[in-house]
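# Observations on the model geometry
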Amino acid sequence: MPHTHIARHMSSVEAYRQRLASLQGAWDTLSLLSHLATDSSDMTGTRQAFEALSADLIKSLASETHKKSLLALKARAQIAIDILVRNLFERTADIGFLSADQDICEYVREASVRKANNENEADATRKEALHARLRAYVAKYSVYNDIALLAADGTLLLKLDRENSIERSSDPLIAQTLNARASYVETYRHVDIFANQKRSLIYSHRVGDGSQTSAVLCLCFNLEDEVTRIFSKLSTTEDWSLYAFVDESGHVIASSDPWQLPQGARVPLAMSEGGNIVRFAGREYLAITRSTPGYQGYAGPGWLGHVMIPLEHAFDTSQDQSAAGLDERVLQDLCESEALFSPELRRIPHQARRIQEDLNRSVWNGNVRLSVRNDNGNTFAKALLREIGNAGRRTQETFEHSIADLQKTVTSAISHSASVLATLAVDILDRNLYERANDCRWWALNAALFQHLSGAARDAGRVSSVLRHINALYTVYHGIVLFDAQGVIHAASNPGHEHLIGKRCEEEWVGATLALRHPQDFAASGFCPSELYDGQPTLIFGAAALGISAGRAIGGIGIVFDSKPQLAAMLADSLPRASSGAIAEGCIALFVDASHRVIAASSGFEIGESADLPAELFDAHDQGTTRIVEYQGSYYAAATCITSGYREYAGMEATAIVMIALGPRPQRQPVNTKALAGHGKRANAGEPLVEIATFFCGGQWLGVLRDHVIEALDASSLRRLPSKPAWHAGVLMYQDKPVPVIDLAQLIGTAPSSRREIVIVQPAKDRMRIGLLIEELASIPEVPATSLLPLSDCAMRSASRIVDRAVRPESAEDPVLLIINIDQVLIATRGTCDTTSVVG
């Protein structure tokens, strides 16, 4: 339960607190007045019950509102850190591969020789060629803003950013990298090599041929640009949240708003599942901090995702619009959903309904008793009963409206989470395929591969070794192949593809690759079966090895994406998690192509089949859609997002769909909620009136003459008896005597429904009492005697043998009130309802 000072920031909860307080004042007055009316019921117990339930409601509303806000913050904090870690995982592979680049290694060896011979600086042409190669690298891998190559003694051999350069570095990073046991070193701090940057995120690696280590290569990641992209995806113009990456001590690495959350500032961490209320810079925030589970064994630099929102804006509901137009039937169906509400909140409507039923019964019985009397107190007592009934209805409506509003808010929050997760799935996919497009273009420039294809140094064993080395670093690939200008495969990284060496690959992407004319271009297959992926559908990226003259392809490289596990992992990372870390039960994620064929799915779909989902999910705008849909008997908050690319990569034509389970659709009996005021019409002067005690049963509006009614009772004490007809409900002890009870729905042949009330009746000419088991009590209207029509004149012959009259409705839209003849009930049940057989 949130603290009181938090709850006061929940405007919707405060509004209902005030409304209930006003109603409580009315109950206090009615309870006092009920003692003055001799035939009115004592309302003290009802008042106290509503008062206690109101307190429970406010407590539950505050708790659920708090949980809803935390849900949104938690999802964003987790997404932010997971996206960053996925990106940085790719950097660990980049530095390992680039440090083994043939041109870089040769340049380092030449520098070592020159130093040994006390020679001057490297040949300017050679240096410029390597500089151009590194520029080409950053043009493809645009996540980097600088590259530096340093000798073991710190001498700067080459730096991409020449304007901000030094001759020699004394930074301990160099010795740390040369002596590292790991293949790379990840550093975040100020480094003198990149003196123009306050702090740099650097990936460094030894450069050497295996027998001698003589240099260090550093890739400087453009962290500022990357975090700006991540935070902009998560926030909107109306969002008051602050997003940040922090270290384990809470120091800010980067934030979405450096004015409010500056780099280096220390914020209190909120690692618990329930978040924390933290104070920062004189302001209170609702905050959540999330760690990353890592990606493929890489745990990241030890940073955390942190989101905080000012407490006064943490519980705003003005932006919760995704459920505003939700069908009321759907909201009613979801009221019992365990995925939406706590058990405590789900019990409140039932408790309120029981209290209201008891109240309705008291008012109904009071009106029955008052109808017998004709003294001057009747007017006051009837007016009081009417006000008591109205107060009860207003109170119950307040309970229902408050919970319905909360349902909309919670459903909207979950829908928004689905939208965020669908965006995450697309972001992961676009970012991943961006890396694939970069990889193939860069590897096509590999000197060993180019020399082999050009004929300058044909060495199949060497190029196969290069491809295997690349594939070992980049585990997202099923295989890598090198082919010539005729599409004949010369080398393969996957041993399972060796039988294809020497054969021509006829797949379309090969021709598209060989048609490329620029080193920045690449080709991509559609998501379709390939011999290079065991006949299963996948994506293959290709880049051309361009000849020196005329820029024509002398061959190319093809990288086979290991789509099945990689896409499955992306979808798994895009689904909500339970507190245990497992994927939330019943949730579904999938990628589909432009024809709605499944590319990948977390569960329930086969790759290549048409996605049999509600059509409204595909009525998407350019950026996708969010809907509450029914699928296979359950409700889901479903969201779609269409790929739009990342940086220079335009993206594939695919849509991500995330469906968060809200709960099963219950099978409900229709409830007659038609207003019943139409039958209280005025009689003409001198026209006799007839009072009818009415109720609902089996979908029908029924009634008996008020003179035949003794009292309405709760059905909880009903005792069922064996070997009786289906319409014999059992026996009830009333005033120390057994009373047989008839299940009226069974007797009149209507659809069975929940029965909760018993009306004790006694015909005027018979002293035997019987009970009628019904569904719900209704009004006790006075109707003109002339409006009572024989059943034969009312086109209601199907009702039953025990119904002999009906009240003529005011209009065709009004329900028909059918009058039960108690004598006919006794005749219909003769021999079964005598009290001797009942109790004997």
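Reading the values: rules and limits
Residues numbered from 1 in each chain as written. Predicted model: local features only at pLDDT ≥ 70, side-chain atom pairs only at ≥ 80, totals over all residues. Heavy atoms only, no water. Helix = DSSP H or I, 4+ residues; strand = E, 2+ residues; numbered from the N terminus. Buried < 20%, exposed > 50% of the residue type's maximum accessible area, 1.4 Å probe, protein only. Areas by Shrake-Rupley, 256 points an atom, 1.4 Å probe, with all protein chains shown as cover. Pairing = 2+ DSSP bridges. Axes fitted to C-alpha atoms, helices over the stretch in contact; angles between N-to-C directions. Contact = heavy atoms within 4.5 Å. Salt bridge = Lys/Arg side-chain N within 4 Å of Asp/Glu carboxyl O. Core = buried A, V, L, I, M, F, W, Y, C linked by side-chain atoms within 4.5 Å. Left-handed = near helix turned anticlockwise from the far one by under 90°. Nonpolar A, V, L, I, M, F, W, Y, C, P; charged D, E, K, R; others polar. Expected span 1.5 Å × (residues − 1). pLDDT = per-residue confidence, 0-100. Polar contact = N/O pair within 3.5 Å; in protein donor to acceptor, adjacent residues only side chain to side chain. Arc of directions from axis to C-beta.

Okay, the overall build of the protein chain next. Each helix and strand counted, the protein chain has 17 helices and 34 strands in total. Expressed as a percentage of the 840 residues in the protein chain, the buried residues total 53%. Within the structure as shown, the protein chain displays about 37100 Å² of accessible surface, and the carbon and sulfur contribution to it stands at 49%.

We now examine the sheet that holds strand β22 (residues 654-664). One open sheet accounts for five strands, arranged β19-β18-β22-β21-β20; its pairing is antiparallel. On the outer flanks of this sheet lie β19 (598-601) and β20 (626-631), each paired with one strand and no other. Shown here is a sheet whose adjacent strand axes are inclined to one another by a mean of 25°, direction ignored. Of the strands in this sheet, β18 (588-593) and β19 touch helix α14 (residues 563-572), which is tilted by about 130° from β18.

A complete count under the given rule lists 29 salt bridges for this structure. Across the salt bridge formed by Glu110 and Arg126, the nearest N and O atoms sit 3.3 Å from each other. Taken as a pair, Glu110 in helix α4 (residues 102-116) and Arg126 in helix α5 (residues 124-140) lie far apart in primary sequence, 16 residues in all. Classification of Glu110 as partly exposed rests on a relative accessible area of 32%.

All right, on to the environment of Ile253 then. Considering the arrangement of structural elements, one finds Ile253 in strand β7 (residues 252-255). According to the relative accessible area criterion, Ile253 is buried, its value standing at 3%. Counting along the chain gives 54 residues from Ile253 to Arg199, while the straight-line C-alpha distance between them is 9.2 Å. Beyond its immediate stretch of four places on either side in the chain, Ile253 contacts Tyr188, Leu223, Phe245, Val246, Asp247, Gln263 and Trp303.

For the rest of this paragraph, the subject is the environment of Pro301. Take Pro301: it is sitting in the loop between β9 (283-290) and β10 (304-310). Given the relative accessible area of 26%, Pro301 is considered partly exposed. Pro301 sits 54 residues away from Asp247 along the chain, and the two C-alpha atoms are 8.7 Å apart.

Take the nonpolar core next. The nonpolar side chains of soluble globular proteins are, as a tendency, buried together. Counting residues in each nonpolar core, the largest one holds 145 residues, and the members touching the most others are Ile104, Leu149, Leu223, Phe245, Trp443 and Phe591. Contact partners of Trp443, with chain neighbours within four places excluded, come to Phe97, Tyr141, Leu449, Ile470, Tyr474, Tyr477, Ile480, Ile557 and Ile559. Residues Trp364, Val368, Ile774 and Ile822 belong to the second largest nonpolar core, which totals 31 residues.

Each strand in a sheet pairs with its neighbour through backbone hydrogen bonds, running either in the same direction (parallel) or in the opposite one (antiparallel). The antiparallel open sheet is built from five strands, whose spatial order is β7-β6-β10-β9-β8. At either end of the open sheet lies a strand with only one pairing partner, and these are β7 and β8 (276-280). Along the sheet, successive strands turn relative to each other by an average axial angle of 35°, direction set aside. Two elements, strand β6 (residues 242-246) and β10, share five bridges in a ladder whose sense is antiparallel. From the neighbouring strand, Tyr243 faces β10, where its bridge partner is Val307. Helix-sheet contacts for helix α7 (residues 223-234) involve β6 and β7, and the interaxial angle to β6 is about 140°.

We now examine the packing of helix α11 (residues 447-454) against helix α12 (residues 460-473). It is at 10 Å that the axes of α11 and α12 come closest, and there the two elements cross at 145°. Crossing of α11 over α12 shows left-handed handedness. Only Ala460, Arg462, Val463, Val466 and Leu467 of α12 make contact with α11, whose side of the interface consists of Ala448, Leu449, Gln451 and His452. Among the residues forming the contact of α11 with α12, the class breakdown is six nonpolar, two polar and one charged.

Here we take up α5. Taking 1.5 Å as the rise per residue, α5 with 17 residues should run 24 Å; its terminal C-alpha atoms sit 24 Å apart, in good agreement. Residues Leu130, His131, Arg133, Leu134, Tyr137, Val138 and Lys140 constitute the buried set of α5.

Structurally, Glu757 is set in strand β28 (residues 757-761). The residues contacting Glu757, other than those within four sequence positions of it, are Glu357, Arg361, Leu713, Asp714, Ala715, Leu772, Leu773, Ile774, Glu775 and Leu777.

Now for the confidence of the model for the protein chain. For the protein chain, the mean per-residue pLDDT works out to 81, and 84% of the residues sit at or above 70. Within the model, pLDDT remains below 50 along residues 793-799, and this stretch shows eight contacts once partners closer than five positions in the same chain are excluded. Low pLDDT, under 50, characterises residues 836-840; the stretch is placed with 10 contacts to residues that sit more than four places away or in other chains.

On to unusual backbone geometry. With phi around 55°, Ala281 is a residue other than glycine that occupies positive phi space. Within the secondary structure layout, Ala281 lies in the loop between β8 and β9. Looking at Ala281, the relative accessible area reads 71%, which means it is exposed. With phi around 50°, Gln296 is a residue other than glycine that occupies positive phi space. Of the residues examined, Gln296 reaches a relative accessible area of 39% and is grouped as partly exposed.

As a further point, take the side chain of Thr92. When you line up the elements, Thr92 lands in helix α3 (residues 44-98). Polar contacts involving the side chain of Thr92 include one to the main-chain carbonyl oxygen of Phe89, which spans 2.5 Å. Residues contacting Thr92, with those up to four places away along its chain left out, are Tyr184, Tyr203 and Tyr298.

Moving on to the environment of Asn179. By the secondary structure assignment, Asn179 is in the loop between α6 (173-178) and β3 (185-189). Considering only alpha carbons, one finds Asn179 and Arg206, 27 residues apart in sequence, at a separation of 8.8 Å.

With eight of nine residues buried, strand β23 (residues 689-697) lies mostly within the body of the structure. Here β23 runs beside strand β31 (residues 782-784); their pairing, made up of three bridges, is antiparallel. For Val690, the partnering residue across the bridge sits in β31 and is Val783. Two strands pair when backbone bridges link them, and β23 and strand β24 (residues 700-705) are joined in this way by six bridges, in the antiparallel orientation. Residue Thr694 lies in a different strand from β24, and its bridge partner there is Gly703.

Summarising burial for β10: seven of the seven residues are buried, a large majority. Alternating residues of β10 divide into Leu304, His306, Met308 and Pro310 and Gly305, Val307 and Ile309, and every residue in both groups is buried. Relative to β10, β9 runs antiparallel, the two sharing six bridges. Bridge pairing in β10 places Leu286 opposite Ile309.

This brings us to α12. Its 14 residues place the ends of α12 20 Å apart at the C-alpha level, agreeing with the 20 Å of an ideal helix rising 1.5 Å per residue. When we look at burial in α12, the residues that qualify are Val463, Ser464, Val466, Leu467, Ile470 and Asn471. Buried residues of α12 fall within an arc of 155° about the axis and therefore sit on the same side. You can read the cap of α12 off the contacts: a side-chain oxygen lies 3.3 Å from the backbone nitrogen of Gly461, and it is on Asp459.

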